[in-house]
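A closer look at the structure
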Amino acid sequence: MWRYAGLAAVALTLGACDGPLSTLQPAGPVARSLAQLGWTMIVGSGVLLALITGLFALVILRPDRAARMSGRTWIIWGGLVLPALVLPPLVLVSLIAGERLSPSDPVPRIEAEARQWSWTFHYPDHGGAQTEDILHLPSGQAVDIVITSRDVIHSFWVPRLAGKMDAVPGRENVLRLIGGAPGVMEGLCAEFCGLDHTHMRFDVQVHDPEGLAAALSTPVFAPEP
Amino acid sequence: MTAPRPDIDPIRLHKALTRIWATGPGWQRLAAVNHSVVGVRFMVTAAVFFGIGGMLAMLIRAQLATPESAFLGPEIYNQIFTMHGTIMMFLFAIPMLEGLALYMLPKMLGARDLAFPRLSAYGYWCFLFGGMILIGALFAGVAPQSGWFMYTPLSSDVYSPGINADVWLLGVTFVEISALTMAVELTVSILKLRAPGMTLARMPIFAWYILVTALMMVLGFPPLILGSVLLEMERAFGLPFFDPERGGDPLLWQHLFWLFGHPEVYIIFLPAAGALSTMIPTFAQRPLIGYRAVVASIIVMAFVSFGIWVHHMFTTGIPHMALAFFSLGSAIVAVPTAVQMFAWLATLAHGRPRWDVPMLYIFGFIVIFVCGGLTGVMLAMVPFNWQAHDSYFVIAHFHYVLVGGFVFPILAALYYWMPHVTGRLSVHRLSVPAFWLIFAGFNLTFLTMHLTGLLGMPRRVYTYLGHEGWTALNLLSSVGSFVLAMGFALIAIDVLLQARFGPRFRRDPWRAGTLEWATPTPPAAYGFASLPRISERADRLSPGEIGRTLAAGEGYLGFARNGWQETLGVNITTGEPDQIVILPRPTYLPLVLALTTGLVVLSMLFKNYALAVFASIVVACLFVWGARSAGQPRDHGPLPIGLGLSVPPHPEAATSPAVLAMGVTLIADGAFFISLIFGVVYLWLVAPNWPPVEVIEAGLTLPLVVVTCLFAGPIAARAATVALRRQGAVMPWLGVQAVALLTALAAVVALISGALPDPQSHGYAAASFALLAYVCLHLGVAALFVLSNATRLRAGFIGPRRNHDLRLTTAWQDFTAISGVVAVGVVLILPRMMTG
Ligand code: HEM
Ligand SMILES: [Cu+2]
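Residues numbered from 1 in each chain as written. Chains lettered and ligands numbered in written order. Predicted model: local features only at pLDDT ≥ 70, side-chain atom pairs only at ≥ 80, totals over all residues. Heavy atoms only, no water.

Further remarks concern the sheet that holds strand S5 (residues 142-149) of chain A. Residue and element names in this part refer to chain A. Spatially, five strands are ordered S3-S2-S1-S5-S8 in an open sheet, and the strand pairing comes out mixed. Unpaired on one side and paired on the other, strand S3 (129-132) and strand S8 (173-178) mark the two borders of the sheet. With strand direction ignored, the average angle separating the axes of adjacent strands in the sheet is 25°. As defined by bridge partners, strand S2 (residues 118-123) adjoins S3 across four bridges and the pair is classed as antiparallel. Pairing of His122 across the sheet is with Gln130, part of S3. (Pairing = 2+ DSSP bridges. Helix = DSSP H or I, 4+ residues; strand = E, 2+ residues; numbered from the N terminus. Axes fitted to C-alpha atoms, helices over the stretch in contact; angles between N-to-C directions.)

And the structure:
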């Protein structure tokens, strides 16, 4: 009985994790490893939270037992040993993950230029094709998105594929993306950029090779209304 | 001279001291400078601003409750979330902790007031007027709208025309002036105004927390003030500090802002933790365990917190090495936090915990703050940050930290210390349901936001479409926030009821161990009728008994003398009394000064720069005029303070509070200067469109004149001090200083106008202009010091033993000389070095 209830709860939570912008429904290897890291830390945090709340309850409800450890022991174990056990492995794992996710080997580039309040994408490898507010990506292949801004700071974010990267005027930032299976999802501007920031969104389509060529054969797309 | 006899009739003593210390009735309340009055004013005003900020939060949640809501448009929404953040950080959290410290510290340290009562009053008025400017703008519909961290170039004149952004820059800077004055006030008061025998190691732990907080404010606010000044100069006069087209860099703003903004979080948390470290031992019925470990951990926390600001910038594309460094630092901050947490748990474990309303909030604090801390560690991990940054996950995280780490402790403190303020105990009918409403409402609102964020909802959007999967979660959050609001409404009612109907009590209702409960409640204007001698750690006392002996005048200064408001100053380390600090009486000066400062701010807001200059001059004159008769017109020598001791009044002491305050002020000024140098070097190294085409062409004469005069000033200042000691002529040396200062000023102005390229042309010229303007400002202020010295010397307030004025001038001139030479050096030599 409880098993089924538990399973149902898990299914519900996981179901609630879906969405066109959900980091918890990754659509590519980069986002997948980010989501893994996230889940690991969420579970770990849950355990630690339970531990400390439990200790507080112990201290209040059964002070005689809690007093068996000297004050010094409490502070050394809780304040020094516990963080020493948790933090170094965590930092190491995430540093390695971070390095793995941003390699510098040459891959095809797509330029993303932000301005108030829309995105323009250039595809140098596809005869300079250009699209507005819709990004076409090859499936299963790494690309570098070169992110720039024409006015204020924006931020490029396709949650189901990778983390975000700011578009800073005067600079070029590069974000490595790997699209998974062909499909559609969404992206948005994540840094507040003024009046219409809310609507500075774009569509993302991941294509197989023929699909990509077809999508980019018409040189200029009319901006979405 | 014989000691005035201690007045052993408590009632007579009370009347005599009240006559000296009390603030007058009616309009004279505007002249109040007493720390209890000003402290309560700070806290009540901050609570009102919390109410306003909370209502804005309700508007936000109402708008986001359903997708595509037509309730608020983006113009209004953007103002509302910006103002919500700004109000909560600058008009609620900081002033609230300042008010608490102002009210509590003298009472906990066994002093009658703070070191500079007029400065606290000025700080209060600045805070109030700055807050009113911001709120006024909100009602006029011209509130700031670029978010509480005002990223450039969005907040620059090109993308934010209109006065909205200026309101933020000027209004917040006005409030920051208040914060800086409080930081100086608190640092000096803790170091200097304590009960005899209270060494640093015997201070109640709260004083340690506030000392570290105040020092963090001294170092943390200057970068923000600098950033605001530079951005306002860019907006008003076109100096391109942050404009990448002309050699500025938008990321410079982010560095300056977060250099302040990250320590800010700890500035807010530490006093709250100090309150917890005071309350938890009371409810555990035993002294705090790990006093030394806690002191060490707050100092470590303060240091580390200044080194991790970049974790707010993980997605701006900075190099990976830097990411790793700042990520590690951010994780390390968890250690001192954990030490404190476990010291509290250990204290409870070894005590006999007693359950009361404050303990409920302490429970709430532990659950919520730990959760916020854990998500903080998650966010410090760079790859996770790339996903969660700027999403609702971050909103959830920092509300867990700020509400858990500040609002809950403050509510605990409210129930703990309200009886001290009102003299009445609380009636528990409403407080318990109020707590559960707040606790449940908070978690419903913000726990859900973690998930909303991971589902991709960015912060600062005024609506969403409905297909993203965010709809149900947002509705839950909004419902939760209204439950939360009901909880706060109950608390407001509860507080009013208590103040009106709570039962009265004698002394020390909680059986606490700290001195504030030894004062009469509600507190008398003079605080303690006489001052105690402390011979153990000052959180293990029995305030009930001590209170009785002090009221009978059996401590130090248990008498009224000359109508002076007397309290004792002690040696910083030994805690032995070394001076009687005679405090100023109530005066309208702080109010007038703050109104004039407000006029400066308003005239800059409306771009009437002539008026701004005029009002600034009036402010400067008021400062000089206000100081004209401070101190004593003659030497007194050591005066008896009771219990067989005699010490001189502060003007004749070796280190008066004013001398110490100058030191602290110069540290703040130094932080400002170093931030400016950082900015200049940063632009050289990192900004796009460098190096500049045109650099300064100055020749040799002007720089030599500047440097010579910069050094002549401090030398003449020292000569003046020597002359004073030998009873020689001082005036001529003041004259020499004035000439040196004014010559240097003229030469720097000549450098700016003659040799520097147009400051609007490039970030380089703008930054050099800023450096030289900084030097001018310091020379001008130095001249004011000399002017003040001259008037006070004439009036007889400076004498061979009362030489602090001259020492202040010397210190300021030393600083001016050193920073001036560095500034001129950077302006002249850096271009040669960088361009080869
Ligand atoms: C009383 C209950 C509170 C509620 C319901 C609430 C709600 C919110 C919400 C929904 C946002 C996000 C707005 C957006 O991004 O569009 C927000 C932002 C913020 N809140 Fe609160 N808040 C509360 C209390 C506080 C407190 C006590 C503080 C600080 C001490 C605080 C500081 C902030 C800050 C700094 C922001 C960021 C504003 C910005 O993005 O510019 N809030 N709050
Ligand atoms: Cu944008």
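So that's the structure; there's more coming.
All right, on to a nonpolar patch on the surface then. Residues and elements named next belong to chain B. Taken together, Leu685, Val686, Ile829, Met833 and Met834 make up a surface patch of nonpolar side chains, about 480 Å² in accessible area. The set of elements that each furnish at least two residues to the nonpolar patch consists of helix H19 (657-686) and helix H23 (804-835). Residue contributions to the nonpolar patch peak at three residues, all from H23. In this fold, Val686 is placed in helix H19. In this structure Val686 comes out as partly exposed when scored by relative accessible area, which is 37%. (Patch = residues over 30% accessible without salt bridge, like charges linked within 9 Å, V, L, I, M, F, W, Y side chains within 5 Å. Areas by Shrake-Rupley, 256 points an atom, 1.4 Å probe, with all protein chains shown as cover. Salt bridge = Lys/Arg side-chain N within 4 Å of Asp/Glu carboxyl O. Buried < 20%, exposed > 50% of the residue type's maximum accessible area, 1.4 Å probe, protein only.)

What follows is about helix H4 (residues 117-139) of chain B. All names here are of chain B. With 23 residues, H4 ought to run about 33 Å at 1.5 Å a step, and its terminal C-alpha atoms sit 33 Å apart, in line with that. Among the 23 residues of H4, 18 are classified as buried, and the element is accordingly described as predominantly covered. Of the residues trailing H4, Gly141 is marked for its positive phi of about 75°. (Expected span 1.5 Å × (residues − 1).)

Attention now moves to the coordination of the iron atom of ligand 1. Residues and elements named next belong to chain B. Surrounding the iron atom of ligand 1 are the protein donor atoms His84 (NE2) and His399 (NE2), at 1.9 to 2.0 Å. Around the iron atom of ligand 1, the six donor atoms are arranged such that angles at the metal cover 88 to 179°; this shape is classified as octahedral. Highlighted residues: His84 in helix H3 (residues 74-109) and His399 in helix H13 (residues 392-422), separated in sequence by 315 residues. Its relative accessible area of 15% is what places His399 among the buried residues. (Donors = N, O, S within 2.8 Å, 3.2 Å for Na, K, Ca; no water. Tetrahedral: all angles 85-135°; square planar, octahedral: opposite > 155°, others 65-115°.)

This next bit is on the packing of aromatic side chains. The relative placement of two aromatic rings is captured by the distance of their centres and the angle of their planes. All names here are of chain B. Applying the stated rule across the entire model yields 69 aromatic pairs over all chains. Taking 4.7 Å as the distance between ring centres and 65° as the angle between the ring planes, the aromatic pair formed by Trp684 and Trp690 counts as edge-to-face. Overall, Trp684 belongs to the buried group, its relative accessible area being 10%. Classification of Trp690 as buried rests on a relative accessible area of 15%. The ring of Phe149 carries the charged tip of Arg460 above its face, separated from the ring centre by 4.2 Å. (Phe/Tyr/Trp six-rings, centres within 6.5 Å; stacked < 30°, edge-to-face > 60°. Lys NZ or Arg CZ within 6 Å of the ring centre and 35° of its normal.)

Attention now moves to empty space enclosed by the protein. Summed over all chains, the structure comprises six cavities of 30 Å³ or more. Approximately 70 Å³ is the volume found for the largest cavity. Lining the largest cavity, in full, are Ser94(A), Leu95(A), Gly98(A), Glu99(A), His320(B), Leu323(B), Ala324(B), Val382(B), Pro383(B) and Trp386(B). Of all elements in the fold, only helix H4 (71-101) of chain A together with helix H9 (320-332) and helix H12 (382-388) of chain B reach the threshold of two or more residues within the lining of the largest cavity. The element contributing the most residues to the lining of the largest cavity is H4(A), with four residues. Residue composition of the lining of the largest cavity, by class: six nonpolar, three polar and one charged. (1 Å grid on protein atoms, 1.4 Å probe; cavity = no way out; pocket = protein on both sides within 12 Å on 5 of 7 lines; lining within 4 Å. Points joined across faces, edges and corners; volume = space filled by probe spheres on them. Nonpolar A, V, L, I, M, F, W, Y, C, P; charged D, E, K, R; others polar.)

The next point concerns the UniProt feature "domain: Cytochrome oxidase subunit I profile" (unreviewed entry) in chain B. In the numbering used here, UniProt assigns the feature "domain: Cytochrome oxidase subunit I profile" (unreviewed entry) to residues 21-535 of chain B. With 68% helix and 0% strand, the stretch residues 21-535 of chain B has end C-alpha atoms that lie 28 Å from each other. (UniProt positions renumbered as here; feature names shortened; annotations may be inferred.)

With an omega dihedral of -5°, the bond running from Gln116(A) to Trp117(A) counts as a cis peptide bond. Between Trp690(B) and the following residue, Pro691(B), the backbone shows a cis peptide bond with an omega angle of -5°. On the secondary structure map, Pro691(B) appears in the loop between H19 and helix H20 (701-725). Positioned with a positive phi, Asn562(B) is a non-glycine residue whose angle comes to about 55°. Structurally, the position occupied by Asn562(B) is in the loop between helix H16 (543-551) and strand S1 (565-570). The backbone phi angle of Leu643(B) is positive, close to 50°, even though this residue is not glycine. Tracing the sequence through the fold places Leu643(B) in the loop between strand S3 (639-642) and strand S4 (645-647).

Moving on: the domain arrangement of chain A. Residue and element names in this part refer to chain A. Domain boundaries in chain A define domain 1 (18-101) and domain 2 (109-215). Placing the centre of domain 1 and that of domain 2 at their C-alpha centroids yields a distance of 34 Å. Listed by partner, the interface residues are 14 residues for domain 1 and 16 residues for domain 2. Summed over both sides, the interface of domain 1 with domain 2 buries roughly 1,100 Å², with 64% coming from carbon and sulfur. The interface formed by domain 1 and domain 2 includes zero salt bridges. Across the domain 1-domain 2 interface, the total number found is five residue pairs in polar contact (both at pLDDT 80 or more). Counting residues per element, the side of domain 1 that touches domain 2 draws most heavily on helix H2 (residues 29-61), at four residues. Among the residues forming the side of domain 1 that touches domain 2, the class breakdown is nine nonpolar, five polar and no charged. (Domains from an automatic or database assignment. Contact = heavy atoms within 4.5 Å. Buried area = accessible area lost by both parts, 1.4 Å probe. Polar contact = N/O pair within 3.5 Å; in protein donor to acceptor, adjacent residues only side chain to side chain.)

Once that is clear, we can look at the site of ligand 1. Residues and elements named next belong to chain B. The immediate surroundings of ligand 1 are formed by 23 residues, with Tyr77, His84, Trp148, His399 and Arg460 found nearest. Here an oxygen atom of ligand 1 and a side-chain polar atom of Arg459 are 2.9 Å apart. Between ligand 1 and Arg460, the relevant distance is 2.7 Å, taken from an oxygen atom to a side-chain nitrogen or oxygen of the residue. Sorting the residues of the shell around ligand 1 by element identifies helix H2 (35-64), H3 and H13 as the ones contributing at least two each. Of all the elements, H13 adds the most residues to the shell around ligand 1, at seven residues. In terms of residue class, the shell around ligand 1 is made up of 16 nonpolar, four polar and three charged. (Near = heavy atom within 4 Å.)

Moving on to the interface of chain B and chain A. The interface is formed by 80 residues belonging to chain B together with 75 residues belonging to chain A. Around 6,300 Å² of area is buried between chain B and chain A when both sides are counted, 73% of it from carbon and sulfur atoms. Of all residues in chain B, the largest losses of buried area upon contact with chain A belong to Phe342(B), Trp386(B) and Gln387(B), amounting jointly to 11% of the total for that side. Between Asp249(B) and Arg171(A) there is a salt bridge, with the nearest N and O atoms lying 2.3 Å from each other. One can count 15 residue pairs in polar contact (both at pLDDT 80 or more) joining chain B with chain A. Residue assignment for the side of chain B that touches chain A shows that the elements contributing at least two residues are H3, helix H7 (250-284), H9, helix H10 (334-350), helix H11 (357-380), H12, helix H14 (431-454) and H19 of chain B. Broken down by element, the side of chain B that touches chain A gets its largest block of residues, 11 residues, from H10(B). In terms of residue class, the side of chain B that touches chain A is built from 53 nonpolar, 21 polar and six charged.

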